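Read off the chains here:
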Amino acid sequence: MKIVEKIKTKQEKRLDGDPINIVFLGDSVTQGCFEDNSLSDGRSVPVTEYSSSFASHVGKTLNFLYPNVQINIINCGASGRTCGNFCSEENVERYIRSYHPDLTVVSFGLNDVRWNYSHGLTADTFGEAVGYILSEIKKTGSEAIFITQNFMCDRVDERLMSEANRKIAEELSYIQNSGLLKDYFVSAKKVCESLSVPVIDGYYVFEKLSEAGVDTNDLLAGYLNHPVREYHRYLAVKICEKILLD
């Protein structure tokens, strides 16, 4: 990727040039949400650890490799966000243009499929939203990477103690097992191909692990849809490989 040349130039001429800015757009997974904490009123609130997010691990890795380069990691992931939330001039300005990114990493799908499913919309709607965001990113001169997301739970896991979470698991496992989530990422990958945007296919990784006999619910921190901390470290490696080796 072209960002490598920018980083290399900054490393060699450390007194010249602007810092490197990498923006991450996404939902609670990008934000760094993990297992849920049950509150006294019956609600569940996910544990948030920005330092354990794949965005933070990317920053740590690149800072280790390039100690003389100021690499700014801007994590714009937030719980409940969808790709559709960013399909406005206001949010493009706020979350993309204002940061002058050299690279923008985009990862959506888990919230989009739930919202669209409940409103009768299709995977093509998600693909169109992904296309809009990626097109706007490219207009800024930033490179982009799209990450397909992990599996949702495939059943109401026996380890779920909260009745509220068990009801959520019923919905998520239906979406997962029906193939709806996969359809969303198939649509997104087609758009990425048309725009020449590289893809890190996390969904495919979960598919292959499932085929190999892995209980993919074990890879979800709360047995719903947030991947475990170890998976964030894996994703960070794949992102760094995409930046440095492609």
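First, a word on scope: everything that follows refers to the structure included in this document. (Residues numbered from 1 in each chain as written. Predicted model: local features only at pLDDT ≥ 70, side-chain atom pairs only at ≥ 80, totals over all residues. Heavy atoms only, no water.)

A few words now on the overall build of the chain. What the chain contains, in helices and strands, is 10 helices and seven strands. For 246 residues, the compact-globule formula gives about 18 Å, and the C-alpha radius of gyration of the chain, at 18 Å, lands near that figure. Taking the principal axes of the C-alpha coordinates as reference, the chain spans close to 55 × 40 × 35 Å. For the chain, the share of sequence-separated contacts (at least 6 apart) that also reach a separation of at least 24 residues comes to 75%. Carbon and sulfur atoms form 51% of the exposed surface of the chain, whose accessible area is close to 11600 Å². Within the chain, the 34 negative side-chain charges are centred at a point lying 4 Å from the centre of the 26 positive side-chain charges. (Helix = DSSP H or I, 4+ residues; strand = E, 2+ residues; numbered from the N terminus. Rg over C-alpha atoms; globule rule 2.2 N^0.38 Å. Contact = heavy atoms within 4.5 Å. Areas by Shrake-Rupley, 256 points an atom, 1.4 Å probe, with all protein chains shown as cover. Lys, Arg positive; Asp, Glu negative; His and termini not counted. Charge placed at Lys NZ, Arg CZ, Asp CG, Glu CD.)

This brings us to the environment of N111. For N111, the position within the fold is in helix α5 (residues 110–118). The exposure class of N111 is buried, given its relative accessible area of 14%. The spatial distance from the C-alpha of N111 to the C-alpha of L65 is 34 Å, given a sequence separation of 46 residues. Beyond its immediate sequence surroundings of up to four residues, N111 is in contact with D27, G80, R81 and T82. A polar side-chain atom of N111 sits 2.9 Å from the main-chain carbonyl oxygen of R81. (Buried < 20%, exposed > 50% of the residue type's maximum accessible area, 1.4 Å probe, protein only. Polar contact = N/O pair within 3.5 Å; in protein donor to acceptor, adjacent residues only side chain to side chain.)

This paragraph deals with the side chain of S173. Secondary-structure assignment places S173 in helix α7 (residues 163–178). For S173, the contacting residues outside a window of four places in its chain are C153, D154 and R155.

Here we come to the pairing of strand β6 (residues 143–148). Here is the key point about a regular strand: its side chains alternate between the two faces of the sheet. Along β6, six of the six residues are buried, which leaves the element largely enclosed by surrounding structure. Burial along β6 is two-sided: E143, I145 and I147 and A144, F146 and T148, pointing in opposite directions, are all buried. The sheet contact formed by strand β5 (residues 103–107) and β6 spans four bridges and is parallel. Within the sheet, the bridge partner assigned to V106 lies in β6 and is F146. (Pairing = 2+ DSSP bridges.)

Attention now goes to the state of the cysteines. On inspection of all chains with the given rule, the structure shows zero disulfides. No disulfide involves C76; its nearest neighbouring cysteine sulfur is the one of C83, lying 14 Å away. The thiol of C153 is unpaired, and the distance to the nearest cysteine sulfur, on C33, comes to 16 Å. Take C153: its relative accessible area is 0%, and that puts it in the buried class. (Disulfide = S-S within 2.5 Å.)

Now for the sheet that holds strand β7 (residues 199–201). Across the sheet, five strands lie side by side as β4-β1-β5-β6-β7; this open sheet has parallel pairing. Sheet topology places β4 (71–75) and β7 at the edges, where each strand pairs with a single neighbour. Sheet twist, expressed as the mean angle between neighbouring strand axes with direction ignored, is 15 degrees. Lying over the sheet, helix α3 (residues 54–65) contacts β1 (20–26), β4 and β6, oriented at roughly 175 degrees with respect to β4. In this fold helix α8 (residues 180–194) packs onto β6 and β7, with an angle of close to 160 degrees to the strand it touches most, β6. (Axes fitted to C-alpha atoms, helices over the stretch in contact; angles between N-to-C directions.)

A few words now on the side chain of S142. With respect to the element layout, S142 can be found in the loop between α6 (123–139) and β6. Among the polar contacts listed, one links the side chain of S142 to the side chain of T104, at a separation of 3.0 Å. Not counting the four nearest positions on each side in its chain, S142 is found in contact with P101, D102, L103, T104 and I137.

So, about the environment of P227. Following the sequence through the fold, P227 ends up in the loop between α9 (202–211) and α10 (229–245). Residue class for P227 comes out buried when judged on its relative accessible area of 0%. When the C-alpha positions of P227 and I175 are compared, they lie 17 Å apart, and in sequence the two are 52 residues distant. Apart from the residues within four sequence positions on either side, P227 is in contact with V29, F34, N150, L219, L220, A221 and H232.

On to empty space enclosed by the protein, then. Once rolled over the atoms, a probe with the size of a water molecule shows which space is left empty. Enumeration over the complete set of coordinates arrives at one cavity of 30 Å³ or more. Considering only enclosed or pocket space, the largest cavity measures out at about 30 Å³ in volume. Surrounding the largest cavity, V29, S107, I147, T148, Q149, N150, Y231 and L235 form its lining. Counting residues per element, the ones that place at least two in the lining of the largest cavity are β6 and α10. Tallied by class, residues from the lining of the largest cavity come to four nonpolar, four polar and no charged. (1 Å grid on protein atoms, 1.4 Å probe; cavity = no way out; pocket = protein on both sides within 12 Å on 5 of 7 lines; lining within 4 Å. Points joined across faces, edges and corners; volume = space filled by probe spheres on them. Nonpolar A, V, L, I, M, F, W, Y, C, P; charged D, E, K, R; others polar.)

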